[in-house]
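If you want the building blocks of each chain, they are given just below.
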Amino acid sequence: GQSLEQPSEVTAVEGAIVQINCTYQTSGFYGLSWYQQHDGGAPTFLSYNALDGLEETGRFSSFLSRSDSYGYLLLQELQMKDSASYFCAVKYRDDKIIFGKGTRLHILP
Amino acid sequence: NAGVTQTPKFQVLKTGQSMTLQCAQDMNHNSMYWYRQDPGMGLRLIYYSASEGTTDKGEVPNGYNVSRLNKREFSLRLESAAPSQTSVYFCASTRPWTGETKNIQYFGAGTRLSVL
């Protein structure tokens with residue numbers, strides 16, 4: 001089957017670095033994406049890995065290792081506005097896009 | 001730019017009633033999607049359409065039907081609403097994927113549906 005596993009919650013301190021992991025039991029997908037969703041809002045795109053390795057976009061970085069069936073989102077210099085839910089997602093050849101259940105990030109001052 | 005527009009934003013139905021959720025995008029995207037979001041369940045794919053004239057089932061299609069009316073519009077219909085369909089529904093679209101472009105999904109603001 002297709003499944004993406006993420007921790008349900010993560011807590012970190014303002015200014016620190018946090019890593020949100022995504023492990024998957026699926027194959028044949030084109031890439032791994034990450035989305036952010038604030039309470040009451042719609043998901044918005046953060047990062048995408050088509051190939052293994054690290055992608056950096058400002059304070060956010062994402063990593064993919066297909067051999068380990070594993071990816072992560074790294075958030076640096078945490079700000080209170082980063083308190084949100086974060087979702088990993090995979091896209092398949094037929095354009096199907098499946099999401100993980102999401103990780104709620106709590107940031108302490 | 002409007003992006004992805006969903007209507008209505010809120011809806012309350014009684015069990016057994018029917019309704020159609022509307023979605024339109026003005027970005028000339030080929031692929032469109034319907035998801036439902038419930039607490040602790042993330043975004044679950046209901047149906048998707050990879051191009052005009054095609055639709056495919058996602059993870060939770062039971063109780064729903066879809067229509068890809070044209071390239072811009074993708075509607076979701078509940079024929080006989082049930083309390084289990086109380087949820088937030090999101091429509092999304094993606095541009096044609098060339099292998100070198102980032103796979104970005106653009107989401108509508110959502111429809112909050114309650115079935116009593």
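Attention here is on the structure that accompanies the text. Please read these numbers as outputs of a predicted model, since none were measured by experiment.

**Let's talk about the state of the cysteines**
Alright, step 1. Considering all chains together, one arrives at two disulfides over all chains under this definition.
Alright, step 2. Across the disulfide, Cys 22 of chain A is cross-linked to Cys 88 of chain A (sulfur-sulfur distance 2.1 Å). Handedness of the Cys 22 of chain A-Cys 88 of chain A disulfide follows from its S-S torsion of about 75°: it is right-handed. With a gap of 66 residues between them, Cys 22 of chain A in strand E3 (residues 18-24) and Cys 88 of chain A in strand E9 (residues 84-92) connect regions that are remote in the sequence. Both residues of the pair, Cys 22 of chain A and Cys 88 of chain A, belong to the buried class.
Alright, step 3. One disulfide bridge connects Cys 23 of chain B with Cys 91 of chain B, the sulfur atoms lying 1.9 Å from each other. Measuring handedness by torsion sign, the sulfur bridge of Cys 23 of chain B and Cys 91 of chain B sits at about -75° and is left-handed. One end of the pair, Cys 23 of chain B, is in strand E3 (residues 19-25); the other, Cys 91 of chain B, is in strand E9 (residues 87-94), with 68 residues separating them in the sequence. Each member of the pair Cys 23 of chain B and Cys 91 of chain B is classed as buried.

Rules behind the numbers
- Residues numbered from 1 in each chain as written.
- Chains lettered and ligands numbered in written order.
- Predicted model: local features only at pLDDT ≥ 70, side-chain atom pairs only at ≥ 80, totals over all residues.
- Heavy atoms only, no water.
- Disulfide = S-S within 2.5 Å.
- Helix = DSSP H or I, 4+ residues; strand = E, 2+ residues; numbered from the N terminus.
- Buried < 20%, exposed > 50% of the residue type's maximum accessible area, 1.4 Å probe, protein only.

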